[in-house]
Amino acid sequence: NGTIDNTNNNVLMVGPSGCGKTEIIRTLQNFLPIPVIIYDVASLTSAGYKGDNKDNILRPLIQTDGIALVFLDEFDKICAPSYTSNGNNFTAETQGQLLSMIEGNSIPIDDGLFYINTKNTLFIAGGAYEGMKIEGRISDKPKQIGFSSLKESENKSENDYEVTVSDLIKY
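Note that the structure is a prediction, hence the values are computed from the model and not measured.

Draft legend 1. Inspection of the overall build of the chain at higher detail. When helices and strands are counted, the chain shows five helices and eight strands. Counting all 171 residues of the chain, 35% fall into the buried class. Taking the contacts inside the chain whose residues are at least 6 apart along the sequence as the reference set, 70% of them involve residues at least 24 apart. Accessible area of the chain: about 10400 Å², with a carbon and sulfur share of 53%.

Draft legend 2. Structural context of the pairing of strand β7 (residues 114–117). Alignment of strand β6 (residues 106–109) against β7, held across four bridges, turns out to be antiparallel. When the bridges of β7 are listed, I107 appears paired with I116. Where β6 folds back on β7, the antiparallel hairpin that results is connected by four residues, among which D110 adopts a positive phi of roughly 50°.

Draft legend 3. Geometry of the pattern of salt bridges. The full count for this structure, using the stated rule, is three salt bridges. Where R26 meets E23, a salt bridge forms, and the shortest distance between an N and an O atom there is 3.9 Å. Residue R26 and its partner E23 are both found in helix α1 (residues 21–29); the two are separated by three residues, about one turn of the helix. Taking the relative accessible area as the measure of exposure, R26 reaches 44% and is therefore partly exposed. The salt bridge involving D55 is made with K54; its shortest N-O contact spans 2.7 Å. Of the two residues, D55 and K54, neither departs from the other in class, the shared state being buried.

Draft legend 4. Broad picture of the nonpolar core. Judged by nonpolar contacts, the single largest core of 23 residues is most densely connected at V41, I57, L72, F75 and L98. Where this core is concerned, the elements lending two or more residues are β2 (36–40), α2 (54–58), β3 (68–73), α3 (92–102), β6 and β8 (121–127). Among all residues touching I57, those that are not within four sequence positions of it are Y39, L44, V70, L72, L98 and M101. Ranked by size, the runner-up nonpolar core spans eight residues in total, among them M13, L69, F71 and I124.

Draft legend 5. Broad picture of the pairing of β8. The buried fraction of β8 is high, at seven of seven residues. Pairing analysis gives four bridges linking strand β1 (residues 11–14) to β8, with the strands arranged parallel. Within β8, the residue paired with L12 across the bridge is A125. Summarising the sheet, β3 and β8 pair through five bridges and their orientation is parallel. Across the sheet, residue L72 finds its bridge partner in β8, namely A125.

Draft legend 6. The arrangement of α1 in detail. Among the residues of α1, K21, T22 and I25 are the ones counted as buried. Projected onto a plane normal to the axis of α1, the buried residues spread over an arc of 95° and lie on a single side. If you follow the buried residues of α1, they end up packed against β1, β2, β3 and β8.

Draft legend 7. Focus on a nonpolar patch on the surface. On the surface, L12, V14 and V163 cluster together into a nonpolar patch covering about 190 Å² of accessible area. Tracing the chain through its elements places L12 in strand β1.

Draft legend 8. Fine view of the sheet that holds β8. Sheet architecture is open: four strands sit in the order β1-β8-β3-β2, paired in parallel fashion. Here the strands that pair on one side only, and so sit at the sheet edges, are β1 and β2. Pairs of neighbouring strands in the sheet enclose a mean axial angle of 20°, with direction left out of account. Strands β1, β2, β3 and β8 of the sheet are contacted by α1, whose axis makes an angle of about 155° with β2.

Calculation criteria
Residues numbered from 1 in each chain as written. Predicted model: local features only at pLDDT ≥ 70, side-chain atom pairs only at ≥ 80, totals over all residues. Heavy atoms only, no water. Helix = DSSP H or I, 4+ residues; strand = E, 2+ residues; numbered from the N terminus. Buried < 20%, exposed > 50% of the residue type's maximum accessible area, 1.4 Å probe, protein only. Contact = heavy atoms within 4.5 Å. Areas by Shrake-Rupley, 256 points an atom, 1.4 Å probe, with all protein chains shown as cover. Pairing = 2+ DSSP bridges. Salt bridge = Lys/Arg side-chain N within 4 Å of Asp/Glu carboxyl O. Core = buried A, V, L, I, M, F, W, Y, C linked by side-chain atoms within 4.5 Å. Arc of directions from axis to C-beta. Patch = residues over 30% accessible without salt bridge, like charges linked within 9 Å, V, L, I, M, F, W, Y side chains within 5 Å. Axes fitted to C-alpha atoms, helices over the stretch in contact; angles between N-to-C directions.

Below you can see the structure in the form of structure tokens.
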């Protein structure tokens with residue numbers, strides 16, 4: 001029916017640079033009946049600084065009544081309390097605006113000229129999250145040589161490499 005009904009059903013896509021996160025979203029564009037917007041979050045700045053702001057993400061949603069998939073690429077770059085991108089300061093104010101947007105609220109853009117309700121917008125936040133530590137669950141046993149090393153790697157479950165909420169909190 002063209003609605004998403006976003007009730008905190010957003011997605012976090014974690015993977016190393018170059019693994020194909022953005023390409024997956026570009027491929028989805030060909031199959032989804034809703035608009036797909038890909039936005040590089042690293043270009044965002046705080047209000048009053050030269051650069052993009054949250055309005056640049058939301059403006060395309062005016063035509064869609066907020067029904068869309070928005071891929072926030074490089075989302076991990078904004079995790080630091082004061083991230084600097086292209087010489088511009090990315091502060092907690094901008095992080096708060098993104099959080100409000102992702103939570104499915106009615107957001108003013110263009111100085112209140114328009115309001116976009118993001119309740120029916122699916123946000124996918126993608127990033128490499130370099131430096132995130134998940135090794136605590138992975139065996140630190142020394143590598144073995146020979147057939148026994150194959151046996152050890154076969155016993156590793158996919159859960160050994162999953163990112164957990166506590167991994168994200170620590171990051």
